[in-house]
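Architecture and fold: a report
Listed below are the residues making up each chain.
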Amino acid sequence: MPWGEFKDTAAERRLFQRRTVVMLLFVMVAIGGLVARMYQLQIVEHEVYTTLSDKNRVQVQSVPPPRGLIYDRNNTLLAENRPVFSVKLVPERVDGMDETLEKLGSILEISEEDLERFRRRLEEPRRPFQEIPLRYDLTPKEIARLAVERHELPGVEVEAELVRYYPHGELTAHALGYVGRINRDELQNIDPVNYAGTNYIGKSGIERFYEEILHGKVGYQHVETNARGRIMRVLERENPVPGEDLQLHLDLRLQQRAHELLDGRRGAIVAIEPDTGGILALASVPGFDANKFVTGISVNDYRELRESKDKPLFNRALRGQYPPGSTIKPMLAVAGLDSNAVTRDHTIWDPGYYRLTEGGRLWRDWKQWGHGWVDLKDAVAESCDVYFYEMAVEMGVDTMYSYLSRFGFGEDATLDVAGALNGLLPSPEWKRAVRNRPWYPGDTVNMGIGQGFMLATPLQLATATALIANRGKWVEPRLLKDIKGDHPTDQFLPDETHEPLKLKNPQDWEYVVDAMAEVMHGAHGTARRAGSDAPYRMAGKTGTAQVFSLDEDEEYDAEELRERLRDHALFVGFAPVDNPKIAVAVIVENGGSGSGTAAPVARAMFDAWLLDYSKPSRDKLVSNAAGQVSN
């Protein structure tokens, strides 16, 4: 400041005052902004931020419904749910996946297969915050170890869940099917809402066919969690609706008896109740333990099942397609009578072979020297091939196709048996389309004894036999007997579609039934040994299916053949003859003789059902037998 000038205090005061006012205004505006923001947060947007806050500590979780139970006709439990403790991870809450898995590996015994399965599921599409299982069926010791280390493992949970369990494992595996974890393809086709929280779905059999009713309806719960996502308390809960319990026609005692009778031999037994169509037994041997598939079968176990030469995973009762052999002769007898191709009095001379043309190929009878003079009843009882060769040529392929299709061959005639195959009922149109060749008269001859192109499943043979037992009344085979809940059975059981097989002369049914009874009780019946000393009359038909073809002049010698190249042994039948209670189809692969191998098995099934498991039937049969003796 130049010398002599004085300090202007008034100007400085005014400058200070102006700056003070500006600062006060700035502070007031800032405070006003804060107040306004606080008002907006606390008053205007209170509900929005309250909801956001609740989402950090309150979550909505789905509660999977307990799966419905499955019982046999006597209320024996076939499929139940048991609690299993599992360790699961929520990827969104895991701090470091690799480090967490390594830590868990030091606490639990986790196989490479478990890790591979977990990583595969980690890459698959899934719902947000969905838990991914790492290990099932933890032991109490493993649960305790995890509890100690739990605070260092965010996103890791130990939970108890209900997992399907089959108490009778191998006995019911092919009949019931099994459940397994939902895979990627199934995830695209199910209701994502109703299956929220559900990890398992029916894969085959009854479990798959009745998945909708067995599954139930999902529930929900609002839970309060801490900062690590662990549940502190349940605030609100809507309980799930459990799946309905099912009762099947299946009888576990008869099912077990069927497995015992096959005694480890490869084969199948199907037993049907003719009056209802209920499947009493559906056995395929060898079988497998369905429990291994529920939580995921190991690679080694699956490889062992898949590579076994006995094919335990293959359901022979539903999917085994075999030449029916002579077991279709009763059905062809019905066709021959009703189409007027033969009459009851028509007889032929059987020299042991048949020729279509003079000097042509020989079609041999199983009895090398022939049966001599036989009529239709003799032909069924003694299984005379030559009679059926001639009758087949007289009927023609179109007539045979028409009648056999009405017996259920060439289609899946069941109502609720998932996975059953159609077999093969050949026709000229089929051969032209598939083989690009015409139908030859020799094809008709072969079809007359159930050989050639024709294939049938044991279930189809049992179905056709039940139709004869019912004298033409169709009752489609079914497993479901009752639903133990609010839903009526008819709501889930498909409608029947087959019309009764009405004959021009209804008495032809009794004629064919009498012929089948001669098989079991006649002096020359092929299965007379199996039918001897029975306190009831039964009807049946033996059969043999060639595994490979013989040349015209080549003879069959079972002793010289490897076991797996021997003929299949078959039998179909029902009992008692009047008012039948059970119809059975039996096949023993490479069993050789139908009369020596398959017929005794069927007789034991008849005895078990009529004498051992049904007291009223046993008392009535014994009374009838006593009356016949006194007469």
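The rules behind these values
- Residues numbered from 1 in each chain as written.
- Predicted model: local features only at pLDDT ≥ 70, side-chain atom pairs only at ≥ 80, totals over all residues.
- Heavy atoms only, no water.
- Helix = DSSP H or I, 4+ residues; strand = E, 2+ residues; numbered from the N terminus.
- Contact = heavy atoms within 4.5 Å.
- Areas by Shrake-Rupley, 256 points an atom, 1.4 Å probe, with all protein chains shown as cover.
- Buried < 20%, exposed > 50% of the residue type's maximum accessible area, 1.4 Å probe, protein only.
- Pairing = 2+ DSSP bridges.
- Axes fitted to C-alpha atoms, helices over the stretch in contact; angles between N-to-C directions.
- Parallel < 35°, antiparallel > 145°, perpendicular 65-115°, else oblique.
- Left-handed = near helix turned anticlockwise from the far one by under 90°.
- Nonpolar A, V, L, I, M, F, W, Y, C, P; charged D, E, K, R; others polar.
- Phe/Tyr/Trp six-rings, centres within 6.5 Å; stacked < 30°, edge-to-face > 60°.
- Lys NZ or Arg CZ within 6 Å of the ring centre and 35° of its normal.
- Expected span 1.5 Å × (residues − 1).
- Patch = residues over 30% accessible without salt bridge, like charges linked within 9 Å, V, L, I, M, F, W, Y side chains within 5 Å.
- Salt bridge = Lys/Arg side-chain N within 4 Å of Asp/Glu carboxyl O.
- Lys, Arg positive; Asp, Glu negative; His and termini not counted.
- Charge placed at Lys NZ, Arg CZ, Asp CG, Glu CD.
- Polar contact = N/O pair within 3.5 Å; in protein donor to acceptor, adjacent residues only side chain to side chain.
- pLDDT = per-residue confidence, 0-100.
- Core = buried A, V, L, I, M, F, W, Y, C linked by side-chain atoms within 4.5 Å.

A word on the overall build of the protein
Within the protein, the secondary structure is distributed over 25 helices and 20 strands. In the protein, the share of contacts with a sequence separation of at least 24, taken over all contacts with a separation of at least 6, comes to 73%. Element-wise, carbon and sulfur atoms account for 50% of the exposed surface of the protein, whose accessible area totals about 31,500 Å².

Things to note about the pairing of strand E12 (residues 279-285)
Working note: regular strand, side chains alternate between the two faces of the sheet. Across the seven residues of E12, seven count as buried, placing the element largely inside the fold. Pairing between strand E11 (residues 267-272) and E12: six bridges, direction antiparallel. The residue bridging Ala-268 from the neighbouring strand is Ser-284, located in E12. Counting the residues in the hairpin turn of E11 and E12 gives six residues, including Gly-277, whose phi is positive at 80°.

Section: the packing of helix H3 (residues 97-107) against helix H5 (residues 140-149)
Orientation of H3 relative to H5, taken along the N-to-C sense of each, is 135°, at an axis distance of 10 Å. As judged from the angle between their axes, H3 and H5 are oblique. The element H3 and its partner H5 pack so that their crossing is right-handed. Taken together, the residues of H5 that come into contact with H3 (itself represented by Lys-103, Leu-104 and Ile-107) are Arg-145, Leu-146 and Glu-149. Among the residues forming the contact of H3 with H5, the class breakdown is three nonpolar, no polar and three charged.

Overview of the environment of Leu-78
For Leu-78, the position within the fold is in strand E3 (residues 77-89). Look at Leu-78 and you get buried, because its relative accessible area is 0%. As a C-alpha pair, Leu-78 and Ala-173 span 95 residues in sequence and 9.9 Å in three-dimensional space.

A closer look at the packing of aromatic side chains
One pass over the structure, following the stated rule, counts 11 aromatic pairs. These aromatic residues form a ring-pair network of at least three members: Tyr-178, Phe-288, Phe-293 and Tyr-302. One cation-aromatic arrangement involves Arg-181 over Tyr-200; the distance from NZ or CZ to the ring centre is 5.5 Å. Of note, Lys-484 hangs over the ring of Tyr-71, and the distance from its end group to the ring centre comes to 4.1 Å.

Focus on the packing of helix H14 (residues 329-338) against helix H22 (residues 507-521)
It is at 10 Å that the axes of H14 and H22 come closest, and there the two elements cross at 145°. For the element pair H14 and H22, the recorded crossing hand is right-handed. Contact with H14, carried on its side by Pro-330, Ala-333, Val-334, Leu-337 and Asp-338, involves Asp-508, Trp-509, Tyr-511, Val-512 and Met-516 of H22 and no other residues of that element.

Some words on H22
If you check H22, its first and last C-alpha atoms are 21 Å apart, about what 15 residues at 1.5 Å a residue would give, namely 21 Å. Where H22 is buried, its residues touch H14, helix H15 (376-382), helix H20 (458-469), helix H23 (528-531), strand E18 (539-545) and strand E19 (568-575).

Observations concerning a positive patch on the surface
Side chains of Arg-13, Arg-14, Arg-18 and Arg-19 sit close together on the surface and give a patch of like positive charge. On the secondary structure map, Arg-19 appears in helix H1 (residues 9-44).

As for the side chain of Asp-350
Counting through the fold element by element, Asp-350 comes out in strand E13 (residues 348-350). Lacking a salt bridge, the buried Asp-350 has Lys-367 as its closest oppositely charged neighbour, with an N-O distance of 7.7 Å. Polar side-chain contacts of Asp-350 include one of 2.8 Å to the side chain of His-371. Among residues more than four places away in sequence, those in contact with Asp-350 are Asp-365, Trp-369, Gly-370, His-371, Gly-372, Cys-384 and Val-386.

Quick look at unusual backbone geometry
Glycine aside, a negative phi is what most residues show, and trans is what most peptide bonds show. With an omega of 0°, the peptide bond running from Val-285 to Pro-286 counts as cis. Looking at the element boundaries, Pro-286 is found in the loop between E12 and helix H11 (291-294). Between Ala-575 and the following residue, Pro-576, the backbone shows a cis peptide bond with an omega angle of -15°. Looking at the secondary structure, you find Pro-576 in the loop between E19 and strand E20 (582-588). Look at Asp-533: it is not a glycine, yet its phi comes out positive at around 65°.

Considering the confidence of the model for the protein
Of the residues in the protein, 89% have a pLDDT of 70 or more, and the chain-wide mean is 87. In the predicted structure, residues 549-554 sits below a pLDDT of 50 and forms six contacts with residues beyond four places in sequence or in another chain.

A word on the sheet that holds E12
To summarise the sheet geometry, strands pair through backbone hydrogen bonds and adopt either a parallel or an antiparallel arrangement. With antiparallel pairing, the five strands of this open sheet are ordered in space as E12-E11-E20-E19-E18. The sheet terminates laterally at E12 and E18, the two strands that pair on one side only. Across the sheet, the mean angle separating the axes of adjacent strands is 5° when strand polarity is ignored. Bridge count for E18 against E19 is seven bridges, and the pairing is antiparallel. Each residue of the ladder has a partner; that of Ala-539, found in E19, is Phe-574. Relative to the sheet, H22 contacts E18 and E19, its axis offset from that of E18 by approximately 70°. On the sheet, helix H24 (residues 594-612) packs against E11, E12, E18, E19 and E20 and is oriented at approximately 30° with respect to E19.

Concerning the nonpolar core
Core analysis: the biggest nonpolar cluster contains 147 residues, and Leu-376, Tyr-387, Phe-407 and Phe-409 have the highest contact counts within it. Top element by residues in this core is H24. It accounts for 11 residues. If we skip the residues at most four places from it in the chain, Leu-376 touches Ala-333, Leu-337, Val-342, His-346, Tyr-387, Phe-388, Met-391 and Tyr-511. Counting 17 residues, the second-largest nonpolar core is a separate cluster that includes Leu-101, Ile-107, Leu-115 and Leu-146.

Notes on the pattern of salt bridges
All told, the structure shown has 24 salt bridges when counted by the stated rule. In this structure, Arg-164 and Glu-207 form a salt bridge, with 2.8 Å as the shortest nitrogen-oxygen distance. Of the two residues, Arg-164 sits in strand E5 (residues 156-165) while Glu-207 sits in helix H8 (residues 205-209), which places them 43 residues apart along the sequence. Of the residues examined, Glu-207 reaches a relative accessible area of 0% and is grouped as buried. One network of salt bridges, with partners in common, ties together Arg-67, Arg-164, Glu-207 and Glu-211.

Let's talk about a nonpolar patch on the surface
Taken together, the side chains of Met-23, Phe-26, Val-27, Met-28, Ile-31 and Val-35 make up a nonpolar region of the molecular surface, amounting to roughly 610 Å² of accessible area. Relative to the helices and strands, Met-28 resides in helix H1.

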